[in-house]
Amino acid sequence: KNFFKDLTGFRDFSDACNRTHYHPVPDDWYVVLTDVQGSTKAIEAGRYKDVNMVGAACITAAVNASGDVMIPYVFGGDGATILVHESIMEDVKREMLAVKRFSEMLHDLPLRVGVVPIKDIKQRGKTIQIAKYEMETGRPLAMFRGGGVGLADDLVKYEGYTIESDNEDEPNLEGLSCRWQPIRPQRDKMLTLLVMSTSDDDLEEDVNLTITSIIDGDPNPVNVDGMTYSWPGWNLLRQSQMVWRRGNAFGNVLGHIFMIAFFNILNRFNLSVGDFDARQYRKDLITNSDYRKFDDALRMVVDCSHEQAKRVEDYLTALYDQGRIIYGTHYSKSALMTCFVTTTESDGHVHFVDGSDGGYAMAAKQLKAQMKNLKQKAA
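Residues numbered from 1 in each chain as written. Predicted model: local features only at pLDDT ≥ 70, side-chain atom pairs only at ≥ 80, totals over all residues. Heavy atoms only, no water.

Draft legend 1. Helix α7 (residues 203–214), seen in detail. With 12 residues, α7 should reach 16 Å at 1.5 Å per residue; the first-to-last C-alpha distance of 17 Å fits that figure. Along α7, the positions that sit buried rather than exposed are L203, E204, V207, N208, I211 and I214. Down the axis of α7, the buried side of the element spans an arc of 140°, and every buried residue falls inside it. Check the buried side of α7 and you find it contacts β9 (189–197), β12 (292–294), β13 (298–304), α12 (306–321) and β14 (325–332). (Helix = DSSP H or I, 4+ residues; strand = E, 2+ residues; numbered from the N terminus. Expected span 1.5 Å × (residues − 1). Buried < 20%, exposed > 50% of the residue type's maximum accessible area, 1.4 Å probe, protein only. Arc of directions from axis to C-beta. Contact = heavy atoms within 4.5 Å.)

This is how it looks when you write it as structure tokens:
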């Protein structure tokens, strides 16, 4: 059960697609897949923040249920991919079904939850390999490859690996928050992109390096100048219902309002209280954002200029025309950040980033269309 915890991590994201860092997941693990059904329509109706909140809630609930087992996960915008050891599988299932119920009841967003044993994936000729990327603070992010996640997704959607329940448990979403306003770019726009190689030539590694070189300077969309803390208001409370509904709802609402206001004051005036230092927390927040990752596809949300965006598009289009990749892009005026904070220590929090207006979901729509075109050409 300490498989992920004991992995040797790497520190340079340029190595994220390097096969030498990846190791097969043991047979006594499971992959848990969640996704908001009909997320594209919800996003087009302006509900992208609600969709992001549900996706992050799945990770939060799973981690809170995992105890001392470190579990790997990837945030996908409208859902999550989570690896779970068999010793905590029942606890995580219960939490996922609780999130499913709350997503449907509070946000009117149907959530699909699937569980696939690693053994079943291997029996069908695929594997899930995992690497551990350690950010500057030491906070780990999981990277997946091997094609097993895609197979698991198909099993969940088409072969009955979904799970259901009629229980009325409330999920434990302690640490989940969405207190930051959409983050403005320092350049011209936020570019969300997905890139997947159509062969086994590890092309994503070259794509990663090329895009990084095109976007000269720091591509991280999370920046101090673009960040504004939200004051308590109806929209913020509505988005946070899944956090404060557990237990004494009225008391939790008041506590939630107080904490938002309190941290807003600390952040605005760069104050410190106890172990919390507003300046250091903002610095760690930027470092601990998951704006780039790899899970059989390179995923990025980057801050870029018009000229840089065009160069990236031209580069990706050329590779697609050669039949070497499929990709999806989405442009937005801001980035969204949803936070999971267990402690305010440097490695005690992680921040899930997506492009506004449904960055990853809309980019995935283009990628799936390109995948369909390639299959038709091959046929």
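Draft legend 2. Structural detail: the packing of aromatic side chains. Going through the model one piece at a time under the given rule, you end up with 7 aromatic pairs. With a centroid separation of 5.4 Å and 70° between ring planes, the pair formed by F13 and Y133 is classed as edge-to-face. Within this pair, whereas F13 is found in the loop between α1 (3–6) and β1 (23–24), its partner Y133 is found in strand β6 (residues 129–134), the two being separated by 120 residues in sequence. There is no split in this pair, since F13 and Y133 are both buried. Among the aromatic residues, ring-to-ring pairing joins F10, F13 and Y133 into one connected group. The positively charged end of K189 is found above the aromatic ring belonging to Y331, 4.8 Å away from the centroid. Across the ring face of Y360, the terminal group of R299 is positioned such that the distance to the ring centre comes to 5.4 Å. (Phe/Tyr/Trp six-rings, centres within 6.5 Å; stacked < 30°, edge-to-face > 60°. Lys NZ or Arg CZ within 6 Å of the ring centre and 35° of its normal.)

Draft legend 3. Structural view of the sheet that holds strand β5 (residues 111–117). Taken in spatial order, the 4 strands make up an open sheet running β3-β4-β2-β5, and their pairing is antiparallel. Two strands close off the open sheet at either side, each with one partner strand: β3 (73–75) and β5. With strand direction ignored, the average angle separating the axes of adjacent strands in the sheet is 15°. As judged from the 7 bridges shared by strand β2 (residues 29–36) and strand β4 (residues 79–85), these two strands associate in the antiparallel manner. (Pairing = 2+ DSSP bridges. Axes fitted to C-alpha atoms, helices over the stretch in contact; angles between N-to-C directions.)

Draft legend 4. Up close: the pattern of salt bridges. Enumeration over the complete set of coordinates arrives at 15 salt bridges. With its nearest N and O atoms 3.3 Å apart, the salt bridge here joins R11 to E134. Highlighted residues: R11 in the loop between α1 and β1 and E134 in strand β6, separated in sequence by 123 residues. Residue D27 pairs with K122 through a salt bridge whose shortest N-O separation is 2.7 Å. Of the two residues, D27 is situated in the loop between β1 and β2 and K122 in helix α5 (residues 118–123); the sequence distance between them amounts to 95 residues. Take D27: its relative accessible area is 36%, and that puts it in the partly exposed class. Several salt bridges share partner residues, and in doing so they unite K100, E104 and E164 into one network. (Salt bridge = Lys/Arg side-chain N within 4 Å of Asp/Glu carboxyl O.)

Draft legend 5. Quick look at the environment of G46. Tracing the sequence through the fold places G46 in the loop between α2 (39–44) and α3 (48–65). Since its relative accessible area comes to 46%, G46 is described here as partly exposed. For the pair G46 and T20, spaced 26 residues apart in sequence, the C-alpha to C-alpha distance is 41 Å.

Draft legend 6. Quick peek at the sheet that holds β1. In space, the 3 strands of this open sheet follow the order β1-β6-β7, with antiparallel pairing throughout. At either margin of the open sheet sits one strand with a lone partner, and together these are β1 and β7 (140–145). Pairing of β6 with β7, which is carried by 6 bridges, proceeds in the antiparallel orientation. Its bridge partner being in β7, K132 is matched across the sheet by A142.

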